[in-house]
Amino acid sequence: MTSLSRLMLVFASFVVFPAATAFAEDEPKSDTRWRLFVGDHAEGVVRALDAKTGASAGTFRIDQTPALTRSDSGRTVFAVEGAAGKVATIATGIALEDHGEHADLEVTDARLLPTVLTGKKPAHVVEGSGQIAVFDDGTGDVTLLRESELLDGKMRPRVLKLGPAHHGVAVPMGDFLVVSVPDADPEKPRVGLKVVDRDGGQVGETVACPGVHGQAQSARTFVFGCKDGIVVATPAKAIGGPALTHISTAQLGEGNVSTLKGGKAMQFFLGNYGPSAVVLIEPGAEEVFRKVDLPTRRVDFALDPAKARNAYILTEDGTLHLLDVLSGKIMKSARVTEPYSMDGHWRDPRPRLAVAGDHIALTDPRHGLVRMISTETLTEDRTIPVEGTPYTIVAVGGSGVAH
Ligand code: ZN
Ligand code: ZN
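Rules of the game
- Residues numbered from 1 in each chain as written.
- Chains lettered and ligands numbered in written order.
- Predicted model: local features only at pLDDT ≥ 70, side-chain atom pairs only at ≥ 80, totals over all residues.
- Heavy atoms only, no water.
- Donors = N, O, S within 2.8 Å, 3.2 Å for Na, K, Ca; no water.
- Helix = DSSP H or I, 4+ residues; strand = E, 2+ residues; numbered from the N terminus.
- Buried < 20%, exposed > 50% of the residue type's maximum accessible area, 1.4 Å probe, protein only.
- Salt bridge = Lys/Arg side-chain N within 4 Å of Asp/Glu carboxyl O.
- 1 Å grid on protein atoms, 1.4 Å probe; cavity = no way out; pocket = protein on both sides within 12 Å on 5 of 7 lines; lining within 4 Å.
- Points joined across faces, edges and corners; volume = space filled by probe spheres on them.
- Nonpolar A, V, L, I, M, F, W, Y, C, P; charged D, E, K, R; others polar.

### Points about the coordination of the zinc ion (ligand 2)
Logical step 1: Looking at the zinc ion (ligand 2), the protein donor atoms are His124 (NE2), His167 (NE2) and His213 (NE2), and they sit 2.0 to 2.1 Å from it.
Logical step 2: Within one chain, the residues donating to the zinc ion (ligand 2) are spaced in sequence as H-x42-H-x45-H. With His124 in strand S10 (residues 122–128) and His167 in the loop between strand S13 (158–161) and strand S14 (170–173), the pair connects residues that are 43 residues apart, well separated along the chain.
Logical step 3: With a relative accessible area of 21%, His124 lands in the partly exposed category.

### Quick look at the pattern of salt bridges
Side-chain pairs of opposite charge can arise where the charged atoms are in close proximity.
Logical step 1: Inspection of every chain in the model, using the stated rule, returns 15 salt bridges.
Logical step 2: The shortest N-O distance in the salt bridge between Asp63 and Lys86 comes to 3.0 Å. Taken as a pair, Asp63 in the loop between strand S3 (56–61) and strand S4 (67–70) and Lys86 in strand S6 (residues 86–91) lie far apart in primary sequence, 23 residues in all.
Logical step 3: By relative accessible area, Lys86 is classed as partly exposed at 26%.
Logical step 4: Measuring nitrogen to oxygen at the nearest pair gives 2.6 Å for the salt bridge that ties Asp324 to Arg309. Taken together, the positions of Asp324 in strand S28 (residues 319–324) and Arg309 in the loop between strand S26 (298–303) and strand S27 (310–315) put the pair 15 residues apart, joining distant regions of the chain.
Logical step 5: Three or more residues are tied together by salt bridges with common partners; here these are Arg297, Glu316 and Asp343.

### Observations regarding empty space enclosed by the protein
Logical step 1: Scanning all chains against the criterion turns up 1 cavity of 30 Å³ or more.
Logical step 2: In this structure, the largest cavity encloses a volume near 30 Å³.
Logical step 3: The wall of the largest cavity is formed by His124, His167, Gly168, Val169, Val212, His213, Gly214 and Gln215.
Logical step 4: The residue makeup of the lining of the largest cavity, split by class, is 2 nonpolar, 6 polar and no charged.

Take a look at the structure:
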């Protein structure tokens, strides 16, 4: 049994929300709502859709085709418009608040927030320890803010001038940040990662992570992709900041990790590895890496936040695969779109995945659709027509009680 399987037993009971009991009269009404936010491939538009009915929940005009990131709480979507030097922010209108034995669900209109984060070329937006860090590739500056500031319109952002400019990343971990370190020669790839304190002062040594790209969080630990391995950042045990450890991926053969997703209910990571594989990563386990080869090249992949052992991977032949992260085996595969070849430009319109409750919401840009595919059977339950060329997608929502 891997350490993941053991963890699974511990966490499995938290996934299901308690169903209605016999006391129907006093029972508060439980509701499930999911909203999809879809970025257009050609235009500066984000469209919000009700995942169940397909009804529009808003159309938000921005400057250019956005990369979309959702906050951990799901209350905010960041629409990054790098070349326009902006990050637009959208309140999703879906709020889940923990009330102990149940969650409260509050649904309001989605709206474009007045706050637009500006910079020279903002790129990666990362949340950690209750803070959101926006890295500006054009300057090397990091802007730190809290989601509550955005939502109540009282912005108090802090800017750390870490420079110089590079395609970088900053990750908040407690009172510290883990940030990428560029080469002295801006033409050369990034060299590694370092820890800085709240004033930007370096703490400890720079850890090598050539070409660092991609990061994800799982159970307070972050993992970063490097050309020759990964770096694991574990939270500080005492003063001194998070600990950075490099682990080589040399035994996995040709390829490297540059995109990562982190497990929510249990600690693991799923990364890309070369064009036709993914790798399950369990820091601290006997077997840290389990590489999973795919039949054709990978288009996109996503983790299921509720069904913690499920990951979904779309390959260029239009097949969606269900990967069991415990066994490391592909359990099911089903054809869900026509082929979308990975030849051509990386930014050509191709499907993207998001998990919304019991469905995988998959954009099909050629057909102007979001396909809603059952996470159980991998068959299509319904389609949602979307204007323009649906491309990037995030889902927010869940179940709760409306008092
Ligand atoms: Zn309540
Ligand atoms: Zn990037």
